[in-house]
Amino acid sequence: MPKESSYDIIVIGAGHAGCEAALASARMGRSTCLFTMNLDTIAQMSCNPAIGGLAKGHLVREIDALGGEMARNTDRAGIQFRMLNCSKGPAVWSLRTQTDRVLYRLEMRKVLEAQQNLAIKQATVDKVIVEDRKVKGVLTSLGIFYGASAVIVTTGTFLKGLMHIGFESFEAGRAGEFPSISLSDSLKSLGLKLGRLKTGTPPRIDSRSIDFSKTEPQFGDDPPLPFSYSTESITNPQLPCYITYTNSKTHKIILDNLDRSPLYSGRIKGIGPRYCPSIEDKVVRFSERERHQIFLEPEGLDTKEYYANGISTSLPFDLQERLVRTIPGLEKAEIMRPAYAIEYDFVYPTQIRHSLETKAVDGLFLAGQINGTSGYEEAAAQGLMAGINAVHKTEGREPLVLGRHEAYIGVLIDDLVTKGTNEPYRMFTSRAEYRLLLRHDNADSRLMETGRNIGLLGKTAYEVFCKKKASIEKEIERIKITRVKPHAVNDNLTALGTSLITEDASLVQLLKRPEVTYDFINKTAPSPNRISAEVCREIEINVKYEGYIKRQIEMAEKIKRAEERKIPEDICYSSINGLSNEIVSKLEEIRPVSIGQAGRIPGVTPAAISLILVTIEKNRGRA
């Protein structure tokens, strides 16, 4: 076979996972090649034009803290920024951004093309070449071999992608693009077990046909809070979204035509996302609901296209038009792009390690929807970690594995590797045991040190973080030692509706009260230093939730100790007396690396963990 050239690392696919993987690898000094089937769709936002949201926003902040690109690119392309869940505790605050779809893609391509050590090629990769269970490179559809020490597969929905609009089906990776057929067979031939998943999108509407007077506008925050710690301000014009609802007429059209739905007629075999169902699923499963919310989201600053978030469907085009036109504001709607569903192959993620390297093939890494996840943010997080760990692999270094107490990225990967999934996995704050430790505001204090140590986070960003950290520590110390007299604050405390003080009190004591904000504290006894709004928020959170935070840190330390109890790689579970066949089967499939991971495998009981610990101690004694 003709050989073009060799690289340290090859990345297959230039979606959100592939972009992060390629940038991480190149920035860490490895020669890298990014393969895409179409240079014009690098970083394409194939679903909704938005980044972040509940728990997903945490992932984006963590990517930024480690030195990834998604947050910075979002700030460059963002056209609406909103902090969600502000009425609840800070552990679940999450930033969400509407983005200009075209601008996001173009800006990311600029970054990739400017990156040293990174080559970008338009080609279809048909096969991963392996010898003695070790990656050697890839083979393209033109029969050209490219060598590599590590290969990262980030193919999104392209593996044997099959698109459905009614009973019309097309082979496609997404609308208008060819699927990847041979690569799926190649992965299967390497011993990986593949399954089938499904996702979909709603119709896109021409805004000139929308009556916005019948909808409710939803504006972003003013001023907008950037995603990236390095972004000083948002410069793009900001646009509103609009809210409307389905109704009984909409639901009747759907229910009367379920026989024309590929989802309900059995044509679609793949399992869809439970937490982002199609409108058919919503109407059938939640029949008691009189209406379902729809967000009309602008696709960009220079387009009339709007994304109808909430009515994802695979119904035929004529039914899509009918149901859309029953919705207030959309009575005369013109569909610019029809909705569709897409099925695709994925790899069951219990076949990968926490480093995202496959167990079957040395040097082969998987990231993104190929691992069973949904969402740009989950994909980008995996891509970043796969890029980092592919570099570590080629350099003979230990993989970077983030714990569940350190990052949502750690929760995401551990869930996939330990529990697996047979439906598109989506991140939620409820999946994290230590939500108060893994807040949106403190991703820098959790992860920037790591980003700097692995060589991804730049010097300037790290220095800014160090100054911020010092500022927080200094100000907390100041309000601990600064005391105020009753006559100086009681009138203001009365105005806040909180109890008066009868003796001198520290500013920290006052700030612990639910009614008292840092702004109140700073007005009572101003800081001699200028403090940013972000630092003020973090100080307030650290003080108010100090007791809860300490408790979660103590719990996390227990988990950490369990993670440090390693399980020998050669342990034979079937020889351990007392373990059921079912538990042995699960342990053999996942091959947990620690007692902590073993305890998180569904169905593995505390009694089984005790038997494993006894066996480890016995074997250690014999050794």
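Relevant structure appears above.
The notes below deal with the structure included here. The shown structure was predicted, so the numbers you read here are calculated from the model rather than taken from an experiment.

## Some thoughts on the environment of Ala525
Okay, so step 1: Along the chain, Ala525 turns up in the loop between helix 16 (518-524) and helix 17 (533-544).
Okay, so step 2: When its relative accessible area of 12% is taken as the criterion, Ala525 is described as buried.
Okay, so step 3: Non-local contacts of Ala525, meaning those with residues more than four positions away in its chain, are made with Arg478, Thr482 and Leu507.

## Things to note about empty space enclosed by the protein
Okay, so step 1: Taken as a whole and assessed by the stated rule, the structure comprises one cavity of 30 Å³ or more.
Okay, so step 2: In this structure, the largest cavity spans a volume of roughly 50 Å³.
Okay, so step 3: Along its surface, the largest cavity is lined by His354, Met385, Leu400, Val401, Leu402, Ile409, Gly410, Ile413 and Asp414.
Okay, so step 4: Top contributing element to the lining of the largest cavity by residue count: helix 11 (residues 408-419), with four residues.
Okay, so step 5: Here the lining of the largest cavity is composed, by residue class, of six nonpolar, two polar and one charged.

## A look at a nonpolar patch on the surface
Okay, so step 1: Among the surface-exposed residues, Leu255, Tyr264 and Val284 lie close enough to one another that they form a single nonpolar patch of about 230 Å² accessible area.
Okay, so step 2: By secondary structure assignment, the location of Leu255 is in helix 6 (residues 248-256).

## What about the environment of Lys480?
Okay, so step 1: Looking at the element boundaries, Lys480 is found in helix 13 (residues 459-481).
Okay, so step 2: As a C-alpha pair, Lys480 and Arg27 span 453 residues in sequence and 42 Å in three-dimensional space.
Okay, so step 3: Not counting residues up to four positions away in its chain, the partners in contact with Lys480 are Ser506 and Val508.

## A short note on the packing of aromatic side chains
Okay, so step 1: Under the counting rule described, the total for this entry stands at six aromatic pairs.
Okay, so step 2: Aromatic pair Phe212 and Tyr306: ring centres 5.5 Å apart, planes at 55°, arrangement tilted. Of this pair, Phe212 sits in the loop between strand 13 (204-206) and strand 14 (216-218) while Tyr306 is found in strand 17 (residues 305-309), placing the two residues 94 residues apart along the sequence.
Okay, so step 3: With 6.0 Å between their ring centres and 45° between their planes, Tyr462 and Phe465 make a pair best called tilted. On the criterion of helical spacing, the pair formed by Tyr462 and Phe465 is a turn pair, its members being three residues apart in helix 13. For the pair Tyr462 and Phe465, a shared accessibility class is recorded, and that class is buried.
Okay, so step 4: Following the ring pairs from residue to residue traces out a cluster consisting of Phe212, Tyr242 and Tyr306.
Okay, so step 5: The aromatic ring of Tyr425 is capped on one face by Arg431, whose charged end is 4.1 Å from the ring centroid.

How each quantity is defined
Residues numbered from 1 in each chain as written. Predicted model: local features only at pLDDT ≥ 70, side-chain atom pairs only at ≥ 80, totals over all residues. Heavy atoms only, no water. Helix = DSSP H or I, 4+ residues; strand = E, 2+ residues; numbered from the N terminus. Buried < 20%, exposed > 50% of the residue type's maximum accessible area, 1.4 Å probe, protein only. Contact = heavy atoms within 4.5 Å. 1 Å grid on protein atoms, 1.4 Å probe; cavity = no way out; pocket = protein on both sides within 12 Å on 5 of 7 lines; lining within 4 Å. Points joined across faces, edges and corners; volume = space filled by probe spheres on them. Nonpolar A, V, L, I, M, F, W, Y, C, P; charged D, E, K, R; others polar. Patch = residues over 30% accessible without salt bridge, like charges linked within 9 Å, V, L, I, M, F, W, Y side chains within 5 Å. Areas by Shrake-Rupley, 256 points an atom, 1.4 Å probe, with all protein chains shown as cover. Salt bridge = Lys/Arg side-chain N within 4 Å of Asp/Glu carboxyl O. Phe/Tyr/Trp six-rings, centres within 6.5 Å; stacked < 30°, edge-to-face > 60°. Lys NZ or Arg CZ within 6 Å of the ring centre and 35° of its normal.

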